[in-house]
Amino acid sequence: GLFLVRVDRADGTQLHAVAPDTTLQAEDTVWFAGNLDSVTFLLKMPGLTHTDADHQAKMKINILERRLVQVVVAPHSHLIGKTVRESQFRTKYDAAIVAVHRKGQRLCQKIGDILLELGDVLLLDTGSHFLTHHAESKAFALVSEVANSSPLKTSKMWLALLLGTAMVSTQIIESFTKTPLINLWIAAILTSALMMLTGCMSGKQARDAMDWTVFICIGAAFGVGNAMEVSGVSDKLGNLFVNIVKGVGGRTAICSALYIATALLTEILSNNAAAALMYPVGAAAGDALGIPPTWISYTIMFGASAGFMSPFGYQCNLMVYAAGNYKTMEFVKFGAPLLLWMWIGTTLIFYFADTWYIMWIICGVLTALTLGGAWVW
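Residues numbered from 1 in each chain as written. Predicted model: local features only at pLDDT ≥ 70, side-chain atom pairs only at ≥ 80, totals over all residues. Heavy atoms only, no water.

Let us now look at the packing of helix 11 (residues 251-265) against helix 12 (residues 271-289). Helix packing for two helices is described by the angle between their axes and how far apart those axes are. Remark: helix 11 packs on helix 12, axes separated minimally by 10 Å, with the N-to-C direction vectors making an angle of 170°. One finds that helix 11 runs roughly antiparallel with respect to helix 12. Judged by the sense of rotation from one axis to the other, the crossing of helix 11 with helix 12 is right-handed. Contacts between helix 11 and helix 12 involve Ile254, Leu258, Ala261, Thr262 and Leu265 from the first element and Ala274, Leu277, Met278, Gly282, Ala285 and Leu289 from the second. When grouped by side-chain class, the residues that make up the contact of helix 11 with helix 12 number nine nonpolar, two polar and no charged. (Axes fitted to C-alpha atoms, helices over the stretch in contact; angles between N-to-C directions. Helix = DSSP H or I, 4+ residues; strand = E, 2+ residues; numbered from the N terminus. Parallel < 35°, antiparallel > 145°, perpendicular 65-115°, else oblique. Left-handed = near helix turned anticlockwise from the far one by under 90°. Contact = heavy atoms within 4.5 Å. Nonpolar A, V, L, I, M, F, W, Y, C, P; charged D, E, K, R; others polar.)

Written out as structure tokens, the structure reads:
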């Protein structure tokens, strides 16, 4: 959690009980209370700079190598009894102190004037070399890096956006012209290499961005899907789907059933894994009913992307789940109606596939009602 404690105005005025409608002014000093993740969040927020930003700027550390490190002052450290300024901390350790905690409380005074004591927890802005050189230092009882704490590289933002757009554009052009330009895998590798060469990210950041659990899960799902196809399980499940829905509407019913089955599966697996498992089943059912493969593909694609009810079905859900301290039932509460609405919408799309203009009319009316209702409200 993160709480606004106090705002110090440039004219010396202090605002303690800060109202939600308080307007911040230039040169305001804003005091927050929160956990370690909150500090990382604040340091990445555009428009805010740390009160000791001048000291941080004096460090000769590449922005790609900068990160937050947490250290604890050891019992026999030479830092005990000295102020941060007297210890010449930045010069000696090439690290700027961002915050000091003592007995669970943040010390709200100028960093340089703080008299260091045994057990003080120091949050440092430094480079990767700090862990290598001072992990075994007698000055610190504990040295640990704060995950995902590298500052934003805003100077490289447009370059990274340009490279990413160029990669996507090659695939868009290829789909329209039907002319092979470059394989997506090769394009992604080249784009990543260019981002590292131009300083948009470091090699370590590129490696850390690889979530191997996701790749293993997807690879295993493809293996299971292939096993289902070879062993005949997918055909049996497909025939079961066919027998169930034959009497209630043919292709629309099978697409609707496949959608909801895939959507429920993606709540506990990744979207790629759910699609890999369900496609052999859908393909077998589609062949039996004469449904075009594109229809089956669209159905599986829509269903696999409907992971709204669980925080575990998609990476973004997990990120929000952790950051917002949500409960699983809150995802169910808001995700279930959305999943139901998407299911109804997808079913209508397939039902009116031959008379597509009807869906356009329905969408237009619903959009008008939504916008009109919002305007009236």
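Now, onward.
With that settled, the discussion passes to the environment of Trp343. Residue position: Trp343 is located in helix 15 (residues 328-351). Those residues within four positions of Trp343 in sequence are excluded, and the remaining contacts are Ser256, Tyr259 and Ile260. One polar contact links Trp343 to Ser256, side chain to side chain, over a distance of 2.7 Å. (Polar contact = N/O pair within 3.5 Å; in protein donor to acceptor, adjacent residues only side chain to side chain.)

Another point: the nonpolar core. In terms of nonpolar packing, the biggest core is built from 20 residues, with Phe89, Leu122, Phe130 and Phe140 touching the most fellow members. Listed by contribution, the elements that provide at least two residues to this core are strand 4 (67-73), helix 4 (89-93), strand 5 (96-102), strand 7 (121-126) and strand 8 (140-145). A per-element tally of this core places strand 4 first, with three residues. Not counting residues within four places of it along the chain, the set of residues in contact with Phe140 comprises Val71, Val72, Ala74, Leu79, Phe89, Tyr93, Phe130 and His134. Counting residues in each nonpolar core, the second largest holds 10 residues, with Ile254, Cys255, Leu258 and Ala285 among its members. (Core = buried A, V, L, I, M, F, W, Y, C linked by side-chain atoms within 4.5 Å. Buried < 20%, exposed > 50% of the residue type's maximum accessible area, 1.4 Å probe, protein only.)

A few words now on a nonpolar patch on the surface. A cluster of nonpolar residues, Leu338, Trp341, Met342, Trp356, Tyr357, Trp360, Ile361, Val365, Leu366 and Leu369, forms a patch on the protein surface that exposes about 1100 Å² of accessible area. The dominant element in the nonpolar patch, judged by the number of residues it contributes, is helix 16 (residues 356-376), at seven residues. Considering the arrangement of structural elements, one finds Tyr357 in helix 16. Owing to a relative accessible area of 46%, Tyr357 belongs among the partly exposed residues under this scheme. (Patch = residues over 30% accessible without salt bridge, like charges linked within 9 Å, V, L, I, M, F, W, Y side chains within 5 Å. Areas by Shrake-Rupley, 256 points an atom, 1.4 Å probe, with all protein chains shown as cover. Salt bridge = Lys/Arg side-chain N within 4 Å of Asp/Glu carboxyl O.)

For the coordinates displayed, the defined rule picks out five salt bridges. Arg67 is the partner of Glu145 in a salt bridge, and the nearest nitrogen-oxygen pair spans 3.1 Å. Of this pair, Glu145 sits in strand 8 while Arg67 is found in strand 4, placing the two residues 78 residues apart along the sequence. With relative accessibility at 33%, the residue Glu145 sits in the partly exposed group. In this structure, the salt-bridge partner of Asp120 is Arg102, at a minimum N-O distance of 2.7 Å. Taken together, the residues span a long stretch of sequence, with Asp120 in the loop between strand 6 (105-106) and strand 7 and Arg102 in strand 5 at a distance of 18 residues. Given a relative accessible area of 18%, Arg102 falls into the buried group. One salt-bridge network, in which partners are shared between bridges, spans Arg102, Glu117 and Asp120.

The next point concerns the side chain of Asp120. Residue Asp120 is classed as buried on the basis of its relative accessible area, which comes to 0%. Reaching out from Asp120, the side chain makes a polar contact with the backbone nitrogen of Glu117 at a distance of 2.7 Å. Excluding anything up to four places from it in sequence, Asp120 contacts Val71, Val72, Val73, Val100, His101, Arg102 and Leu115.

Right, let's get into unusual backbone geometry. Despite not being glycine, Gln88 has its phi angle at roughly 50°, a positive value. Of note, Gln88 is situated in the loop between helix 3 (84-87) and helix 4. Take Gln88: its relative accessible area is 54%, and that puts it in the exposed class. A positive phi is found at Asp94, a non-glycine position, where the angle reads about 50°. By the secondary structure assignment, Asp94 is in the loop between helix 4 and strand 5.

The predicted model of the chain averages 79 in pLDDT, with 85% of residues at 70 or higher. No element of the chain has a lower mean pLDDT than helix 2 (residues 53-57), at 61, and none a higher one than helix 7 (residues 184-197), at 90. (pLDDT = per-residue confidence, 0-100.)

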